[in-house]
Amino acid sequence: MTAEATPAGETGGKVTIVFDREQASVPRRQGETLLESARRAGMTPPFSCEAGNCGTCMAKLLEGTATMRVNDALDDDEVADGYVLTCQAVPDCDSITVSYDED
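Residues numbered from 1 in each chain as written. Predicted model: local features only at pLDDT ≥ 70, side-chain atom pairs only at ≥ 80, totals over all residues. Heavy atoms only, no water.

J.: How do you make sense of the packing of aromatic side chains when you look at a structure like this?
T.: For any two aromatic rings, the description comes down to two numbers: the centre-to-centre distance and the angle of the planes. According to the stated counting rule, one finds 1 aromatic pair in the structure shown. Aromatic pair Phe-19 and Tyr-100: ring centres 5.8 Å apart, planes at 80°, arrangement edge-to-face. Here Phe-19 is found in strand E1 (residues 10-19), whereas its partner Tyr-100 is found in the segment after strand E7 (95-99), with 81 residues between them in sequence. Looking at Arg-39, its charged tip hangs above the ring of Phe-47, at a distance of 4.3 Å from the centre. (Phe/Tyr/Trp six-rings, centres within 6.5 Å; stacked < 30°, edge-to-face > 60°. Helix = DSSP H or I, 4+ residues; strand = E, 2+ residues; numbered from the N terminus. Lys NZ or Arg CZ within 6 Å of the ring centre and 35° of its normal.)

Given below as structure tokens:
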């Protein structure tokens, strides 16, 4: 039995994005934000400043955890409820699911 090589930059995990009632998954890449993963999946989720200031890219974590590099838009209650700024959120785990469709 031989192990398959993981492509450069990929970690072996997966990022699943739910947007506009569609779902797509891509291999997780080290240091890539959830917004970057969504774009790589061919999706066009909302964003504006890409600096963690406006909240336009807010989405809810359905599975897994992520750390936001900057958060100047969400309050503590929103973060406690599982919301992240996808332009700043980097997965902390192998498999993560985030939804832009949550209210």
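J.: Explanation requested: the state of the cysteines in the structure shown.
T.: Note on terminology: disulfide describes a covalent bond linking the sulfur atoms of two cysteines. Taken as a whole and assessed by the stated rule, the structure comprises 0 disulfides. Counting only cysteine sulfurs, Cys-87 is the nearest neighbor of Cys-57, a cysteine outside any disulfide, at a range of 3.7 Å. (Disulfide = S-S within 2.5 Å.)

J.: So what exactly am I meant to see when it comes to the side chain of Thr-86 here?
T.: Relative to the helices and strands, Thr-86 resides in the loop between strand E5 (83-85) and strand E6 (89-91). With relative accessibility at 0%, the residue Thr-86 sits in the buried group. A distance of 3.0 Å separates a polar side-chain atom of Thr-86 from the backbone oxygen of Cys-57. Setting aside its immediate chain neighbours within four residues, Thr-86 contacts Thr-33, Leu-34, Leu-35, Cys-57, Ala-59, Val-98 and Tyr-100. (Buried < 20%, exposed > 50% of the residue type's maximum accessible area, 1.4 Å probe, protein only. Polar contact = N/O pair within 3.5 Å; in protein donor to acceptor, adjacent residues only side chain to side chain. Contact = heavy atoms within 4.5 Å.)

J.: Explanation requested: the side chain of Gln-88 in the structure shown.
T.: Mapping Gln-88 onto the fold places it in the loop between E5 and E6. Residue classification places Gln-88 among the buried positions, given a relative accessible area of 8%. If we skip the residues at most four places from it in the chain, Gln-88 touches Thr-33, Glu-50, Ala-51, Gly-52, Thr-67, Met-68, Arg-69 and Val-70.

J.: Where do I start with a negative patch on the surface in this structure?
T.: On the surface, Asp-75, Asp-76, Asp-77 and Asp-81 cluster together to form a negatively charged patch. On the secondary structure map, Asp-81 appears in the loop between helix H2 (76-80) and E5. (Patch = residues over 30% accessible without salt bridge, like charges linked within 9 Å, V, L, I, M, F, W, Y side chains within 5 Å. Areas by Shrake-Rupley, 256 points an atom, 1.4 Å probe, with all protein chains shown as cover. Salt bridge = Lys/Arg side-chain N within 4 Å of Asp/Glu carboxyl O. Lys, Arg positive; Asp, Glu negative; His and termini not counted. Charge placed at Lys NZ, Arg CZ, Asp CG, Glu CD.)

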